[in-house]
Amino acid sequence: MTISPRSLETDAAPARAGSLLAVPRGARRLPSTGVLDARDRPLRDLRISVTDRCNFRCVYCMPREVFGRDYAFLERHELLTFEEIERIARAALANGVRKLRLTGGEPLLRRGIEDLVARLAALRTLDGTKPEIALTTNGSALAVKAEALKAAGVDRVTVSIDSLDDQLFRRMNDVEFPVARVLQGIDAAQTAGMPVKLNTVVKRGLNDGEILSLAEHFRGTGHVLRFIEYMDVGATNGWTLDEVVPSAEIVATINSRFPLEPVAPAATGETAKRWRYTDGSGEIGVISSVTNAFCGTCNRARLSTEGRLFTCLFATEGHDLRALLRGGADDAELTATLARIWGVRDDRYSEIRSSLTPELRAARDRIEMSYIGG
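Draft legend 1. Region of interest: the overall build of the protein chain. Across its full length, the protein chain carries 12 helices and 14 strands. Expressed as a percentage of the 374 residues in the protein chain, the buried residues total 54%. Sequence-distant contacts, at least 24 apart, represent 71% of the contacts inside the protein chain between residues at least 6 apart.

Here is the structure:
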């Protein structure tokens, strides 16, 4: 009988009292590339939310009517410590992760974030290389933090920017924050030597008129501008399908002014479809999780601020790793637990969204994006 490379090792570490007893004990793994889920998707990307707080109140993420003055954010003792985050990251890297992304909330609000970056940058992947360290930010503190982040080990940053019109930008962030200061942060990141990607969430009737002005502004700057379809993450943003601007429409809008051509993906599991300007002025990306789901190649897990691991952005529950850590689990057990969680992963919500009735979609107890990062 021929044994294929899919003949995988099995983790069978004993479960401790209070740990994830419901997780099956076996996890399929390729020795050189790490664990695979139930749909043969590897674990490559761990997104780490370091705070549930944000200084913006963006209407599609943390609307003020929900996240107002009386909203109960997590207490400090509930947050994972930097040492705990480092331990989980090490276990993730042992299971095949190659990229660690810090997010939030707004990650630059977490005191000492540069120290965490340095800890993570000292870790190594399965092949012995430094993991890619990325950070997603609203850009409000980037002008001040850029040099320190680069020195600590951040490889690149992604900045959210939903409009160049200052009045509209202030209305969307709902805290009167000027777009000029975000643009200063983008310039500071570039000066510090960090490549910059820019994310724009497009909501019909709100900022869909900004598509061309954003494209024109960032053409030729070296930054990659990515347009994201407005998603039904969480339950507080009042999402409806008719507010989604399909990626195909966004591409057609830009192509009508600045001709585009498709670009092959740089790596398996990329969320964005790439397009480049035919005149050589750079490229854009579109993230189509509503109209053209990419669940089939999704290789991302998300760690919440207080240590719950989610295997899908649209998950309804997570796995409590903080209890495992604070219950005395060693690194071998943590690594085996992560392998078991990923090994049974079967998530594909974006693929089945259209088959669910509005009532079923509304009934899902979805996790907020501000809780586990985008």
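Draft legend 2. Representation of the sheet that holds strand S11 (residues 283-287) within the structure. In space, the 12 strands of this open sheet follow the order S9-S10-S11-S8-S7-S6-S5-S4-S3-S12-S13-S14, with mixed pairing throughout. Both outer strands of the open sheet, strand S9 (260-263) and strand S14 (319-320), are each paired with one neighbouring strand and no more. Here helix H1 (residues 82-94) sits on the sheet in contact with strand S3 (45-49), strand S4 (99-103) and strand S12 (300-303), set at roughly 170° to S3.

Draft legend 3. Region of the structure containing the pairing of S3. Extensive coverage of S3 is indicated by the burial of five of its five residues. As judged from the five bridges shared by S3 and S4, these two strands associate in the parallel manner. Pairing of Asp-45 across the sheet is with Lys-99, part of S4. A crossover connection joins S3 to the parallel S4 through H1; in handedness this β-α-β unit is right-handed. In this sheet, S12 lies alongside S3 in parallel orientation, the contact comprising four bridges. Bridging across to S12, Leu-46 finds its partner in Ala-301.

Draft legend 4. Structural context of the pattern of salt bridges. All told, the structure shown has 24 salt bridges when counted by the stated rule. With its nearest N and O atoms 4.0 Å apart, the salt bridge here joins Glu-216 to Arg-257. Of this pair, Glu-216 sits in helix H6 (residues 211-218) while Arg-257 is found in helix H7 (residues 247-257), placing the two residues 41 residues apart along the sequence. Accessibility expressed as a relative area gives 45% for Glu-216, which makes it partly exposed. Take Arg-257: its relative accessible area is 46%, and that puts it in the partly exposed class. Taking the shortest distance from any N to any O, the salt bridge between Arg-345 and Asp-347 comes out at 3.8 Å. Residue classification places Arg-345 among the buried residues on the basis of a relative accessible area of 3%. What emerges from the salt-bridge pattern is a single network uniting Glu-86, Arg-87, Arg-90, Arg-119 and Asp-331.

Draft legend 5. Geometry of the pairing of strand S5 (residues 132-137). Summarising burial for S5: five of the six residues are buried, a large majority. Taken together, S5, helix H3 (residues 142-152) and strand S6 (residues 156-160) constitute a β-α-β crossover, and its handedness is right-handed.

Draft legend 6. Spatial organisation of the packing of aromatic side chains. Evaluated as defined, the whole model comprises five aromatic pairs. With a centroid separation of 5.2 Å and an interplanar angle of 50°, the aromatic rings of Phe-56 and Phe-177 are classed as tilted. With Phe-56 in the loop between S3 and H1 and Phe-177 in the loop between helix H4 (166-173) and helix H5 (179-192), this pair connects stretches of sequence that are 121 residues apart. Phe-177 matches Phe-56 in its accessibility class, with the two residues each being buried.

Draft legend 7. Layout of the environment of Arg-39. Among the secondary structure elements, Arg-39 is positioned in the loop between strand S2 (34-35) and S3. In this structure Arg-39 comes out as partly exposed when scored by relative accessible area, which is 37%. Sequence separation between Arg-39 and Arg-345 is 306 residues; the distance between their C-alpha atoms is 7.7 Å. Of note is the side chain of Arg-39, whose polar atom sits 2.7 Å from the side chain of Asp-346.

Draft legend 8. Molecular detail of the nonpolar core. Among the nonpolar cores identified, the biggest contains 97 residues, and Leu-46 and Ile-254 are the most heavily contacted of them. Among the elements that make up this core, the one with the highest residue count is H1 (seven residues). When sequence neighbours within four positions are dropped, the list of residues in contact with Ile-254 reads Ile-211, Leu-212, Ala-215, Phe-227, Leu-260, Tyr-277 and Ile-284.

About the criteria used
Residues numbered from 1 in each chain as written. Predicted model: local features only at pLDDT ≥ 70, side-chain atom pairs only at ≥ 80, totals over all residues. Heavy atoms only, no water. Helix = DSSP H or I, 4+ residues; strand = E, 2+ residues; numbered from the N terminus. Buried < 20%, exposed > 50% of the residue type's maximum accessible area, 1.4 Å probe, protein only. Contact = heavy atoms within 4.5 Å. Pairing = 2+ DSSP bridges. Axes fitted to C-alpha atoms, helices over the stretch in contact; angles between N-to-C directions. Right-handed = clockwise from strand over helix to strand, strands pointing away. Salt bridge = Lys/Arg side-chain N within 4 Å of Asp/Glu carboxyl O. Phe/Tyr/Trp six-rings, centres within 6.5 Å; stacked < 30°, edge-to-face > 60°. Polar contact = N/O pair within 3.5 Å; in protein donor to acceptor, adjacent residues only side chain to side chain. Core = buried A, V, L, I, M, F, W, Y, C linked by side-chain atoms within 4.5 Å.

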